[in-house]
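Summary of structural features
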Amino acid sequence: MLKYVKRSSLERANVNLRLVLILILYLILATTYSIVVPIGRGADEWAHYWYGQFIAQHGRLPANPVERELAGYKSDWPPLYHLFAAGVTSWVETDGPPTFKYRADNIRRQLVPALGPEAILHTEDELFPWQQEILVWHLGRFLSIVFTTGTLLVTYFIAMEIFTGSRGAGSRGAGSRLQVADDRSQVAGRRVAGDEVAGDEVAGDKAIRNTQHAARITQHAARDTHHATPLA
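Residues numbered from 1 in each chain as written. Predicted model: local features only at pLDDT ≥ 70, side-chain atom pairs only at ≥ 80, totals over all residues. Heavy atoms only, no water.

For the chain, the count of helices and strands is five helices and zero strands. Helices (α) and strands (β) of the chain occur, in sequence order from the N terminus, as α-α-α-α-α. Of the contacts formed within the chain by residues at least 6 apart in sequence, a portion of 69% connects residues at least 24 apart. When the accessible surface of the chain is summed, it comes to about 16800 Å², and 65% of that surface belongs to carbon and sulfur atoms. (Helix = DSSP H or I, 4+ residues; strand = E, 2+ residues; numbered from the N terminus. Contact = heavy atoms within 4.5 Å. Areas by Shrake-Rupley, 256 points an atom, 1.4 Å probe, with all protein chains shown as cover.)

The next thing to look at is a nonpolar patch on the surface. A grouping of Val154, Ile158, Ile162 and Phe163 is seen on the molecular surface, where their side chains present a nonpolar patch of about 440 Å² in accessible area. Positionally, phenylalanine 163 belongs in helix α5 (residues 132-228). (Patch = residues over 30% accessible without salt bridge, like charges linked within 9 Å, V, L, I, M, F, W, Y side chains within 5 Å. Salt bridge = Lys/Arg side-chain N within 4 Å of Asp/Glu carboxyl O.)

So, on to the pattern of salt bridges. In total, this model carries five salt bridges according to the counting rule given. Arginine 41 serves as the salt-bridge partner of glutamate 118, at 2.5 Å between the closest nitrogen and oxygen. With a gap of 77 residues between them, glutamate 118 in the loop between α4 (80-89) and α5 and arginine 41 in the loop between α1 (2-36) and α2 (45-58) connect regions that are remote in the sequence. According to the relative accessible area criterion, glutamate 118 is buried, its value standing at 14%. On the accessibility criterion, arginine 41 (38% relative accessible area) is partly exposed. Linking arginine 60 and glutamate 67 is a salt bridge whose minimum nitrogen-to-oxygen distance equals 2.7 Å. Under the relative-accessibility criterion, arginine 60 is labelled partly exposed at 35%. (Buried < 20%, exposed > 50% of the residue type's maximum accessible area, 1.4 Å probe, protein only.)

Under the definition given, this model contains 14 aromatic pairs. Between tryptophan 46 and tyrosine 102, the ring centres sit 5.6 Å apart and the planes meet at 45 degrees, which makes this aromatic pair tilted. In this pair, tryptophan 46 is assigned in helix α2 and tyrosine 102 in the loop between α4 and α5, connecting sequence segments 56 residues apart. What makes tyrosine 102 partly exposed here is its relative accessible area of 22%. Taking the centre distance of 5.0 Å and the plane angle of 35 degrees together, the rings of tyrosine 49 and tryptophan 137 count as tilted. Within this pair, whereas tyrosine 49 is found in helix α2, its partner tryptophan 137 is found in helix α5, the two being separated by 88 residues in sequence. There is no split in this pair, since tyrosine 49 and tryptophan 137 are both buried. An aromatic cluster is built from Trp46, Tyr49, Trp50, Phe100, Tyr102 and Trp137, whose rings are joined through pairwise contacts. (Phe/Tyr/Trp six-rings, centres within 6.5 Å; stacked < 30°, edge-to-face > 60°.)

Our next topic: the environment of glycine 42. Considering the arrangement of structural elements, one finds glycine 42 in the loop between α1 and α2. Judged by its relative accessible area of 27%, glycine 42 falls in the partly exposed class. Separated by 99 residues in sequence, glycine 42 and arginine 141 have C-alpha atoms that sit 9.9 Å apart.

Before going further, it helps to spend a moment on the nonpolar core. The biggest cluster of nonpolar side chains holds twelve residues, and these are Ile39, Trp46, Tyr49, Val92, Phe100, Ile120, Trp130, Ile134, Leu135, Val136, Trp137 and Leu139. Among the secondary structure elements, those contributing two or more residues to this core are α2 and α5. When residues in this core are grouped by element, the largest group, five residues, is from α5. With sequence-adjacent residues up to four places away left out, tryptophan 130 is seen in contact with Ile35, Leu135, His138 and Phe142. (Core = buried A, V, L, I, M, F, W, Y, C linked by side-chain atoms within 4.5 Å.)

The next point concerns unusual backbone geometry. For the bond running from proline 97 to proline 98, omega is 0 degrees, close enough to zero to count as cis. Here proline 98 is to be found in the loop between α4 and α5. The linkage connecting phenylalanine 128 with the following residue, proline 129, adopts the cis geometry, with an omega of 0 degrees. Looking at the element boundaries, proline 129 is found in the loop between α4 and α5.

Written out as structure tokens, the structure reads:
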């Protein structure tokens, strides 16, 4: 039993170490990626940004089709992430520069070559330290990392439960079977001891009966001898 407990503790320590290493590696990669990738390159990032900004500016969800169109085509999605994003970024002032340089606002910006269909012109305003809209954007990315870290944790523990649960159940089952076998051995031992005691008691009773029977025979023999002796 002590060996089983030690092995279980060692397995838990290995599981915790693996989880810590996975989280550290993921956080390093995700944070680096979120900083290095230019603004707007992620899938649907603009739509999520507009949705979060609408909530931050109005303090509520879009209430009609016109507001939903203003908030972007993701405004009909479940708003959990966007509510958190609005709460995290509501303190950031976005009215003044630096601001996003939208290509559609100026024909000259459209003349600058771009790597694919980009909505904004990337400038040194996006460099650290971030300010205004750029700061809001990066805070939203960091919030996404927090959400995905939670998803990673849930996925990890579900996988551990699926792939190691059966092995743990087998070990517990083996331990239970050993315990049952031990209990049966103890019961059998008690039965043997009880049978021995009962046998001793039976043997003692039989010896007493034999002694009593022999005494009765002796008494009968004495009476017979007395009757057979002639009078002087």
